[in-house]
Amino acid sequence: MIKAIKELVSYGLQTGLLDPEDEIYTVNRLLELFGTDDGSGYDDIVIKEFAQEEIDSGEALERILTNLLEIAKEKGLLQGDSVVYRDLFDTKLMGLLMPRPSQVIERFWWHYRDTSPVAATDAYYYFMQNADYIRRYRIAKDKKWKASTEYGELDITINLSKPEKDPKAIAAAKNAVQSGYPKCLLCKENEGYAGRVDHPARQNHRIIPVTIDGSNWGFQYSPYVYYNEHCIVFNSKHVPMKIERATFSKLFDFVQQFPHYFVGSNADLPIVGGSILSHDHFQGGHYEFAMAKAPVEEEFAVSGYEDVKTGIVKWPMSVLRLSGKDTGRIIDLADHILAAWREYTDEEAFIYANTDGEPHNTITPIARKRGGVYELDLVLRNNITTEEHPLGVYHPHANLHHIKKENIGLIEVMGLAVLPARLKEEMEVLKDAILNGKDLRGDERIAKHADWVEDFKQKYAVLDTVNIDRVLEEEIGQVFLQVLKDAGVYKTTPEGREAFRRFLKTI
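Quick notes on the rules
- Residues numbered from 1 in each chain as written.
- Predicted model: local features only at pLDDT ≥ 70, side-chain atom pairs only at ≥ 80, totals over all residues.
- Heavy atoms only, no water.
- Pairing = 2+ DSSP bridges.
- Helix = DSSP H or I, 4+ residues; strand = E, 2+ residues; numbered from the N terminus.
- Axes fitted to C-alpha atoms, helices over the stretch in contact; angles between N-to-C directions.
- Phe/Tyr/Trp six-rings, centres within 6.5 Å; stacked < 30°, edge-to-face > 60°.
- Buried < 20%, exposed > 50% of the residue type's maximum accessible area, 1.4 Å probe, protein only.
- Core = buried A, V, L, I, M, F, W, Y, C linked by side-chain atoms within 4.5 Å.
- Contact = heavy atoms within 4.5 Å.
- Parallel < 35°, antiparallel > 145°, perpendicular 65-115°, else oblique.
- Left-handed = near helix turned anticlockwise from the far one by under 90°.
- Nonpolar A, V, L, I, M, F, W, Y, C, P; charged D, E, K, R; others polar.

Draft legend 1. Spatial organisation of the sheet that holds strand S3 (residues 208–212). Reading across from one edge, S3-S4-S5-S7-S6-S13-S14-S10-S9-S8 is the order of the ten strands in this open sheet, with antiparallel pairing throughout. Two strands bound the open sheet, and with one partner strand each, they are S3 and strand S8 (296–300). Across the sheet, the mean angle separating the axes of adjacent strands is 25° when strand polarity is ignored. Sheet topology places strand S6 (residues 262–264) next to strand S13 (residues 361–370); two bridges connect them, and they run antiparallel. Considered in S13, the bridge of Val263 is made with Ala367.

Below is the structure:
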């Protein structure tokens, strides 16, 4: 056990999580956690320096933590052996290596002031990876590829890094006394929180406080990093999502402080919003999505705002791009468009501002800086439902649910499909069935994909071991493209474009 502890401490020292002056203190904290007061022989153990590749891939830390988890299991320190309980314990281990929040904050702003915003975020991102808040060895398991379409290359990922709870942990969470602390996964009270079976441990979590448009917010990275430097910017108060003029001001304020990052907000209504509507937050990062690369295909001018370049983006969803050097003027126009869209009804296009007092129209905004020009993309959204489409008219339709059924939030809007883990196994089973001529409808695991396969098989003269993987990837990409088209309030047809123009005439 002493050797395993020294390996973890050595990792902390080599990665900079620990200062040399904190070594003995940390060893004693770890001994206490493992229920022993004897650290004899620690100084006699020699640990070879970890290869940088092992650190950067997360392999070194995964090996160290696995060894310590087995020791904890033998000592009866784990409540269970599932991923939920193992994560609770190994996060506690990493928490003992972590500097205090004030030290992390001081280091971040030192990099920001003395070098650059890029240096600050680079160091912070690497720190959160080394701290195992971002579990690199799990992220590496995600299946990712790009799918070519007429709108550019869409990003597709099958999310395998988010652990699934086992039945025992689910039952334990159901029977546990319900806690209202922290109020949600985004609240600042998560920093250092020990976690429980229904809430992840966050002892290795560190938040950077930022001032956004005069109010207190937090800056952190997503533990699941769906794209490079996937960050979350959240209100320090637990207040609900709201798209308003102040939202645009906050987005641009963040971009002005971190010009190498884009930042956007989920919409503020169910179905078209994200998974957490109860806490105001944005998502951003150092990545260029297909939507950001998409050109403006039709420019127009808005009376009174001629100084702001405005146009319709070539994208399967309905996107307006506003650009210019004066963010104040872009914000003015964005607020004008938002107000018009909130109240807009076009029965011919099946756009209803509200029904029975329930609002339907909102916007998903994304801000960025390109060279010396600021851009704000406004994605028009509507969450109306019907008997035919109970999950949403502008939501993936039922024939696509075998691949994607979940809400189309900010990340998907920009061109990245986050697909469920079940697809990894289903695609393997499906591949075998296609290559060996098996009955797709006879296997309940893949029966839901049968119509889809029968449809796309007609496009290929040959499906064999050489091309089957790429075919499945491309066809999943085409399904995601259709998902985006379904989510678009104005379709990419002459009729859809004409309906889009009718709205534009009202602004």
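Anyway, onward from the coordinates.
Draft legend 2. Here's a closer look at the packing of aromatic side chains. All chains considered together, the criterion is met by 33 aromatic pairs. Summarising the aromatic geometry, the rings of Phe108 and Tyr124 are spaced 5.7 Å apart at their centres and angled 80° between planes, so their arrangement reads as edge-to-face. Of this pair, Phe108 sits in helix H6 (residues 101–114) while Tyr124 is found in helix H7 (residues 117–130), placing the two residues 16 residues apart along the sequence. A relative accessible area of 2% means that Phe108 is categorised as buried.

Draft legend 3. Inspection of the nonpolar core at higher detail. Membership of the largest hydrophobic core comes to 99 residues, with the highest contact counts inside it found for Leu8, Phe219, Tyr490 and Phe503. Not counting residues within four places of it along the chain, the set of residues in contact with Phe503 comprises Ile337, Ala340, Trp341, Tyr344, Leu380 and Tyr490. Leu400, Leu416, Leu463 and Leu481 belong to the second-largest nonpolar core, a separate cluster that totals 53 residues.

Draft legend 4. Representation of the packing of helix H10 (residues 245–257) against helix H12 (residues 327–342) within the structure. Close contact between H10 and H12 brings their axes to 9 Å; oriented N to C, the two are set at 150°. On the basis of the axis angle, H10 is roughly antiparallel to H12. Considering how the two elements wind past one another, H10 and H12 form a crossing that is right-handed. Contacts between H10 and H12 involve Arg245, Phe248, Ser249, Phe252 and Gln256 from the first element and Thr327, Ile330, Ile331, Asp332, Ala334, Asp335 and Leu338 from the second. Along the lines of polarity and charge, the residues of the contact of H10 with H12 split into six nonpolar, three polar and three charged.

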